[in-house]
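# Structure at a glance
Each chain, letter by letter, is given below.
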Amino acid sequence: MSKTLSQEKKKSSRKKLPLGSNGLQFNRKIPRIGVKTIKDEVNQMQTEVTKPEVTPSKARPKAVKEAPRSFSDLRFSIVQLTDLFPISRVSLYEYHKTGLIKQVATRKSGAADSALFGWDTIEILAKRLGEKITKPTENKIKIFANLKGGVGKSTLAAQFAMRAAARGLRVLALDLDPQAHLTKILKFEDAELNALPNFRDYVFGGKTLEEITIPITPLLSLIPGNLSLSVLEMELFTKANREQKIAKPIRDLKSRYDLVVIDTNPSPSTVNISAILGADEICIVTETDTLSTEGLSSIFQVLKAIDEDFDYCPSQRVIANKFDVRLAMAQKSIGYLRDNYGDILLPTVIGQCQAIKEAQALHQPIWAYDRHSVGSKDIAAMTDELLRETAAAHG
Ligand SMILES: Nc1ncnc2c1ncn2[C@@H]1O[C@H](COP(=O)(O)OP(=O)(O)OP(=O)(O)O)[C@@H](O)[C@H]1O
Ligand SMILES: [Mg+2]
């Protein structure tokens, strides 16, 4: 294993070798700006300059492909729509021609222009394709949890919620973590968090569901998280039958959405135990290293205790994340997971993928940020598998 790691280190350090002959990293921007500045100066000398000065960067043509600033800004090409919905390109071209779906923008792709469609098209296709769209009927409320931190709970919860909403499901993302990572990935910046409502405002603060729910796109809503959620734990402490104060309102969300995705922090807190009681399915995210996979038994102990105390246990899935094919330890972990949790292990293993990190920093789904990345294929397969109804219980 150490041999593989040192080989990898050599490989990556080789990639970082400076390209310039002077030993400096080649920076494309410097020579271009230099040339333009000189050109501007020559132009200025040749003509009587009466027009305002144009800086080189402003004079450059606008980038053809502008990255959307958020999930709600996304536009969909015909190819993307066929990836999201069970529909052929021919039918989509026909819908476009007859005006059933309306183009909202144009993207230059090579020599041709391609039509881009907005969220209203997603809604129209969702209605039109109705029964053909895979939706959970039993396990609508899915909670992402694990006692171990940093394994990818928020990342996968956000990617799952975004993809399901783009596939035409009415989705609610419920952030129960005071760190608010799900809230940040889906839309908001740090400075905005304190002003947002949260689930506590509904349970004990007298606000209505409508007041705490923020629409992100027509089909994706968010109940945000923020630091004041941590008060909830103390408030629950003094209440009789306290778990039901959270579990019941969570169960009641079921009638309003096709899917509820809950993100939690890594602790066996009353809030988390109550939320697990309100959920239909627990998605236990684990990293593929020996410590993480072997440490999984603690969350199953919590589930056992819940079962004994409340005579209820949600169905379970284990999702292996951050898999690095080059590491022998990762291969070993997958073997361990297959041997010990084979009945509930999601067939798709999510690979370690830098593009996932980059996408979430821009509030974007990985398949829109980099369609050809490993992460894009993995998240698509994970979503398919989670939406297909297969109740499971490990025992
Ligand atoms: N498949 C992946 N490939 C690359 N990076 C990933 C992947 N999944 C998650 N990450 C990164 O790992 C880090 C931890 O992820 P995340 O915050 O989702 O974990 P978490 O389990 O929710 O953590 P916490 O327990 O603190 O809530 C983040 O920087 C995230 O971008
Ligand atoms: Mg998290």
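Residues numbered from 1 in each chain as written. Chains lettered and ligands numbered in written order. Predicted model: local features only at pLDDT ≥ 70, side-chain atom pairs only at ≥ 80, totals over all residues.

### Comments concerning the overall build of the protein chain
Helices and strands together make up the secondary structure of the protein chain, namely 19 helices and 10 strands. Within the protein chain, the proportion of its 395 residues that are buried is 37%. Considering only intrachain contacts with a sequence separation of at least 6, the fraction spanning at least 24 residues in the protein chain is 75%. (Helix = DSSP H or I, 4+ residues; strand = E, 2+ residues; numbered from the N terminus. Buried ≥ 20, exposed ≤ 12 C-beta atoms within 10 Å, placed from the backbone. Contact = placed C-beta atoms within 7 Å.)

### Regarding the pairing of strand β6 (residues 214–217)
Bridge count between β6 and strand β7 (residues 220–223): three bridges; the pairing is antiparallel. Counted as the bridge partner of Ile214 is Leu222 from β7. Counting the residues in the hairpin turn of β6 and β7 gives two residues. (Pairing = 2+ DSSP bridges.)

### Details of the nonpolar core
In terms of nonpolar packing, the biggest core is built from 91 residues, with Ile143, Ala161, Val171, Ala173 and Ile319 touching the most fellow members. Looking at which domains feed residues into this core, each of domain 1 (71–129) and domain 2 (134–387) gives three or more. (Core = buried A, V, L, I, M, F, W, Y, C linked by C-beta atoms within 7 Å. Domains from an automatic or database assignment.)

### Quick notes on the environment of Lys148
In this fold, Lys148 is placed in the loop between β4 (141–145) and α7 (153–166). Among the residues examined, Lys148 registers 18 C-beta atoms within 10 Å and is labelled partly exposed. Residues contacting Lys148, with those up to four places away along its chain left out, are Pro266, Ser292 and Gly295.

### Considering the packing of helix α12 (residues 242–252) against helix α13 (residues 270–278)
Contact geometry of α12 with α13 gives a least axis separation of 7 Å together with a crossing angle of 45 degrees. One finds that α12 runs oblique with respect to α13. When you trace α12 past α13, the crossing you get is right-handed. Contacts between α12 and α13 pair Arg242, Glu243, Lys245, Ile246, Ala247, Lys248, Ile250 and Arg251 from the former with Thr270, Val271, Ile273, Ser274, Ala275, Leu277 and Gly278 from the latter. Residues of the contact of α12 with α13, tallied by class, amount to seven nonpolar, three polar and five charged. (Axes fitted to C-alpha atoms, helices over the stretch in contact; angles between N-to-C directions. Parallel < 35°, antiparallel > 145°, perpendicular 65-115°, else oblique. Left-handed = near helix turned anticlockwise from the far one by under 90°. Nonpolar A, V, L, I, M, F, W, Y, C, P; charged D, E, K, R; others polar.)

### Looking at helix α15 (residues 297–310)
Compared with the 20 Å implied by 1.5 Å per residue over 14 residues, the 20 Å span of α15 between its first and last C-alpha is a close match. For α15, the set of buried residues is Ile299, Leu303 and Ile306. Mapping the buried residues of α15 onto a view down its axis gives an arc of 55 degrees, with all of them on the same face. Seen from the buried face of α15, the exposed residues on the opposite side, beyond 90 degrees, are Ser297, Gln301, Glu308 and Asp309. Tucked inside the fold, the buried residues of α15 contact β4, α13 and β9 (281–287). Directly after α15, the chain includes Asp311, whose backbone phi takes a positive value near 55 degrees. (Expected span 1.5 Å × (residues − 1). Arc of directions from axis to C-beta.)

### Side note on the site of ligand 1
Taken together, the neighbourhood of ligand 1 is formed by 21 residues, with Gly149, Gly152, Lys153, Ser154 and Thr155 sitting nearest. Partitioning the shell around ligand 1 into residue classes produces five nonpolar, 12 polar and four charged. (Near = placed C-beta within 6 Å.)

### A short note on the sheet that holds β4
The mixed open sheet is built from seven strands, whose spatial order is β6-β7-β5-β8-β4-β9-β10. Strand pairing shows two members of the sheet lacking a second neighbour, β6 and β10 (315–321), which therefore form its edges. Neighbouring strand axes in the sheet, compared pairwise and without regard to direction, differ in orientation by 25 degrees on average. Where α13 meets the sheet, it contacts β4, β8 (259–263) and β9, and its direction lies at approximately 145 degrees from that of β4.

### Points about the pairing of β8
Every other side chain in a regular strand lies on the same face of the sheet, so the side chains alternate between the two faces. Burial analysis of β8 places five of its five residues in the buried class, the great majority of the element. Burial along β8 is two-sided: Leu259, Val261 and Asp263 and Val260 and Ile262, pointing in opposite directions, are all buried. Strand direction decides the pairing type here: β4 and β8, joined by four bridges, are parallel. Counterpart to Ile141 in the pairing with β8 is Val260. Strand direction decides the pairing type here: strand β5 (residues 171–175) and β8, joined by five bridges, are parallel. Its bridge partner being in β8, Leu174 is matched across the sheet by Ile262.

### Focus: the confidence of the model for the protein chain
Overall, the prediction assigns the protein chain a mean pLDDT of 84, with 80% of residues at 70 or greater. Ignoring residues within four places in sequence, the model shows residues 1–65, a span with pLDDT below 50, making 21 contacts including any to other chains. (pLDDT = per-residue confidence, 0-100.)

### Overview of the environment of Ala195
Inspection of the secondary structure puts Ala195 in the loop between α8 (181–186) and α9 (199–203). Once the C-alpha coordinates of Ala195 and Asn226 are considered, the two residues, 31 residues apart in sequence, prove to be 8.9 Å apart.

### What to know about unusual backbone geometry
Despite not being glycine, Ala180 shows a phi value in the positive range, around 60 degrees. One can find Ala180 in the loop between β5 and α8. Overall, Ala180 belongs to the buried group, with 26 C-beta atoms counted inside 10 Å. Here His363, not a glycine, exhibits a phi torsion of approximately 60 degrees, which is positive. Of note, His363 is situated in the loop between α17 (354–361) and α18 (366–369). With 22 C-beta atoms packed within 10 Å, His363 lands in the buried category.

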